[in-house]
Amino acid sequence: MRTRLLVLFAALLVLSSCQLTLVAFAVPITTPVGQVFEVAATFTTTNTPGSGGAVLQVPNGFAVLGTSPPNISFVRDDPALIGLYTAEPGHYLASWSFGQLSLPPTSTYRVFVRAPSVPVQGTFKVVLANRQSSQAWQSSSPAGVTNFALITSAPNARSVQVVPVPLTDYAIDAIGMPYGTVISSFWGVRLADLDGDGNDDLATTSRAFRRLPAGWFESSTGLTPSTFRERVATGDFDGDGFVDLVQGSGQVFFGNGGAGWVAGPRLTGIVPTFGVATGDVNGDGLDDIALAGFDKYLFVYRSNANRTFTNSSSGLPALPILGGGEVLLHDVTGDGNLDLVWTEVWAGNGQGAWSVSTGMSPNAAAGVDAGDLDGDGLPEVVHANNGTGLTVHRHLGGNVWALVAPIAPIARIVSSVVVLDYDRDGLNDLAVGYNDTTNGIEIWRNQGGMTFALMPGTGMPASTPTSVQDLAVGDINGDTFPDIAAAFSAQGLAVYQNWRSGVSRFGAGCGGAALPSLTLAASGQPQLGNNAFALRLVGGQPGTTAVLWLGSSRSTWIGTGALPLDLGGFGAPGCTLLTGAESVMWGVFDAAGAFALPTPIPAIPSLQRSTAFAQGAALAPSVNALGFAFSGGLAIRID
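What you see is a predicted model, and the numbers here were worked out from it, not measured in a lab.

Draft legend 1. Region of the structure containing the layout of surface pockets. Size it by volume and the largest pocket reaches roughly 850 Å³. As for the largest pocket, its lining consists of 41 residues, of which E38, G459, M460, P461 and A462 are closest to the centre. Tallied by class, the residues present in the lining of the largest pocket amount to 27 nonpolar, 10 polar and four charged.

So, in structure tokens, the structure goes:
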């Protein structure tokens with residue numbers, strides 16, 4: 001459980017205004033062990049030439065990692081500044097100072113601090129200082145105070161409680177990431193399993209990071225920086241089983257399983273394109289590539305098995321038209337073929353030809369995604385429109401669409417949107433990124449009936465110092481609860497891990513006419529000490545054999561074989577083994593076709609937020625040669 005703790009605080013300045021006054025110092029009330037959390041400190045300045053600085057008293061066990069924007073240089077731990085102050089026992093001091101420089105009247109700055117690996121409470125304190133030319137430093141806020149023991153209240157003192165698990169839905173997971181430091185911008189981000197371990201890693205236009213138990217580790221050998229603002233996408237373009245990467249400019253890189261990359265062709269001479277998406281357009285088992293963007297062009301390239309590509313853009317606009325920033329390959333018309341979603345929908349015919357939609361007004365959108373928002377089993381198309389929030393179109397059949405309505409948030413500049421079921425309640429929600437005065441990322445929960453409610457306190461940053469450029473959804477630890485990655489302008493990359501508890505369905509079951517719907521569900525909540533918790537397999541034939549199994553992984557079978565495993569080769573076509581099986585239980589379906597298995601959860605604190613995976617099967621000789629029908633999987637995350 002590594003997370004990070006980002007400390008936003010009024011750091012040190014040298015200004016054209018050297019008199020600094022602290023007006024706000026915000027530290028999270030709680031943070032998980034090992035996390036980098038944010039503390040924000042805001043200060044005002046006067047107009048006297050000189051230097052400014054800040055000194056932070058840090059509890060032992062908390063590690064200061066570095067600074068976040070702005071893009072200005074500073075002196076770390078100036079002996080003359082830090083020597084002015086006396087730390088309390090069990091604490092140490094860190095300082096930042098600046099020379100002559102002009103700042104706005106009100107400023108906010110931050111540094112990174114990592115929480116200890118054990119639960120503890122700590123109090124952070126901050127003081128501001130200034131000096132004129134070569135004179136000695138003077139404490140300015142609070143004025144004249146140089147002993148931290150004399151600082152006992154806000155705004156200069158704030159406490160944080162380090163807890164075993166996050167108390168919010170999401171917590172930042174960015175150890176090893178280029179996040180919050182003075183770095184160039186990232187315009188695109190994707191989560192994909194780069195190394196084949198069953199958990200998602202992270203890719204950007206020019207850098208890649210593998211998610212290992214100790215954090216994020218860069219794996220960018222062979223990738224080259226892009227000079228354009230562009231998105232990124234991943235797929236398997238050559239059929240070798242490894243994830244490949246394509247930049248929005250059309251530059252392809254072939255992956256080798258996480259260790260490095262080999263540059264492939266560049267697909268278009270028209271630059272800069274911006275949006276990029278991947279998917280198997282023609283059903284040959286190879287992912288193809290769509291390119292689009294604000295340059296107002298649109299292309300599709302089909303992958304060939306020899307690492308070459310063929311232009312397959314018949315029916316797409318050949319001349320500049322109203323452009324959008326993002327593009328999507330998704331079967332939104334329900335005919336089994338991937339469609340191209342950009343400013344409008346171009347329906348695919350499965351052979352590489354396209355036809356434009358009816359009823360969808362062109363959207364000059366920064367972002368686009370698709371998913372079932374109204375629960376009818378059919379995907380809606382969501383556009384992130386600058387200045388007008390989100391617009392949603394519903395499919396009316398064929399390639400005909402109707403505007404549902406703009407949905408909240410309106411009148412904000414939305415830069416990215418992704419569809420996800422963040423709370424695993426079966427209804428798709430929205431994560432929204434902004435590029436306006438407050439920036440930030442919000443979760444909008446689906447209330448049913450196409451209504452959405454802003455969820456406060458989710459752990460996603462409601463405001464960020466710089467704009468959100470892109471969002472991506474994936475699963476970095478295999479627990480089926482969706483995690484979110486974000487790319488920021490001048491603030492780097494971050495992943496926000498989903499820490500919700502409960503049960504989460506994944507994968508699909510299989511059966512036949514005899515057992516059309518074998519379903520695995522839970523009875524009660526998976527909470528520590530809940531002795532009444534049980535698993536329930538429903539849909540079997542009364543009096544026949546039922547089997548349930550539990551495992552600690554859904555990527556390996558008892559630590560060896562890779563999952564999911566296609567059971568077609570074992571006589572069960574269309575069936576999949578989804579979970580490991582450290583524990584197997586047999587039983588008999590009752591008169592109602594159900595098999596209940598009591599699964600008491602012991603009150604052991606170390607089990608909190610651990611995840612187990614379950615699947616069930618029913619003996620059904622008429623279904624297939626193997627003689628079993630299978631349920632989908634169930635992830636059980638303990639609260």
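Draft legend 2. Structural context of the environment of T458. Here T458 lies in the loop between β38 (451-454) and β39 (468-474). Judged by relative accessible area, T458 falls into the buried class, the value being 4%. In this structure the C-alpha to C-alpha distance between T458 and Y170, which are 288 residues apart in sequence, comes to 5.9 Å. Once residues lying within four places of it in the same chain are set aside, the contact partners of T458 are T168, D169, Y170 and I443. A distance of 3.3 Å separates the side chain of T458 from the backbone nitrogen of M460, its partner in a polar contact.

Draft legend 3. The arrangement of the side chain of D475 in detail. As for its position among the elements, D475 is in the loop between β39 and β40 (483-488). Looking at D475, its side chain comes within polar contact range of the side chain of R554, at 3.0 Å. In contact with D475, not counting residues within four places along its chain, are N199, D200, T480, F481, D483 and R554.

Draft legend 4. Seen up close, the sheet that holds strand β26 (residues 309-311). Reading across from one edge, β23-β24-β25-β26 is the order of the four strands in this open sheet, with antiparallel pairing throughout. A strand with exactly one partner marks an edge of an open sheet, and here the two such strands are β23 (275-279) and β26. Strand-to-strand twist of the sheet, defined as the mean angle between neighbouring strand axes without regard to direction, takes the value 25 degrees. Across three bridges, strand β25 (residues 298-303) lies against β26 in antiparallel orientation. Counterpart to Y301 in the pairing with β26 is N311.

Draft legend 5. Examining the pairing of β38 more closely. Bridge analysis of strand β37 (residues 441-448) against β38 gives four bridges, and the strand direction is antiparallel. Residue pairing in the sheet places R445 in a bridge with A453 of β38. Between the end of β37 and the start of β38, which pair antiparallel, lie two residues, with G449 showing a positive phi angle near 65 degrees.

Draft legend 6. Representation of the nonpolar core within the structure. Of all hydrophobic cores here, the largest spans 33 residues; its most connected members are M177, Y179, L202 and Y496. Of all the elements in the fold, those that place two or more residues in this core are β14 (170-173), β15 (189-192), β35 (414-420), β37, β39, β40 and β41 (492-498). No other element matches β40, which puts five residues into this core. Ranked by size, the runner-up nonpolar core spans 25 residues in total, among them V27, V33, F43 and A94.

Draft legend 7. Quick peek at the packing of aromatic side chains. Per the stated rule, a full pass over the model turns up nine aromatic pairs. Consider the rings of F506 and F613, whose centres lie 6.1 Å apart with planes at 90 degrees: the pair is edge-to-face. Taken together, the residues F506 in strand β42 (residues 502-506) and F613 in strand β52 (residues 611-619) connect sequence positions 107 residues apart. With centroids separated by 6.2 Å and ring planes inclined at 75 degrees, the aromatic side chains of W549 and F630 adopt a geometry described as edge-to-face. Note that W549 is positioned in strand β45 (residues 545-551) and F630 in strand β53 (residues 628-630), a separation of 81 residues in sequence.

Draft legend 8. How the structure looks around the sheet that holds strand β28 (residues 339-341). Overall, antiparallel pairing links the four strands, which are arranged β27-β28-β29-β30 in an open sheet. What marks the edges here is a single partner per strand, and that holds for β27 (328-330) and β30 (354-356). Ignoring which end each strand starts from, the neighbouring axes of this sheet average 25 degrees apart. Note that β27 and β28 share three bridges and pair antiparallel. Bridge pairing in β28 links L329 to L340.

Reading guide: rules and limits
Residues numbered from 1 in each chain as written. Predicted model: local features only at pLDDT ≥ 70, side-chain atom pairs only at ≥ 80, totals over all residues. Heavy atoms only, no water. 1 Å grid on protein atoms, 1.4 Å probe; cavity = no way out; pocket = protein on both sides within 12 Å on 5 of 7 lines; lining within 4 Å. Points joined across faces, edges and corners; volume = space filled by probe spheres on them. Nonpolar A, V, L, I, M, F, W, Y, C, P; charged D, E, K, R; others polar. Helix = DSSP H or I, 4+ residues; strand = E, 2+ residues; numbered from the N terminus. Buried < 20%, exposed > 50% of the residue type's maximum accessible area, 1.4 Å probe, protein only. Contact = heavy atoms within 4.5 Å. Polar contact = N/O pair within 3.5 Å; in protein donor to acceptor, adjacent residues only side chain to side chain. Pairing = 2+ DSSP bridges. Axes fitted to C-alpha atoms, helices over the stretch in contact; angles between N-to-C directions. Core = buried A, V, L, I, M, F, W, Y, C linked by side-chain atoms within 4.5 Å. Phe/Tyr/Trp six-rings, centres within 6.5 Å; stacked < 30°, edge-to-face > 60°.

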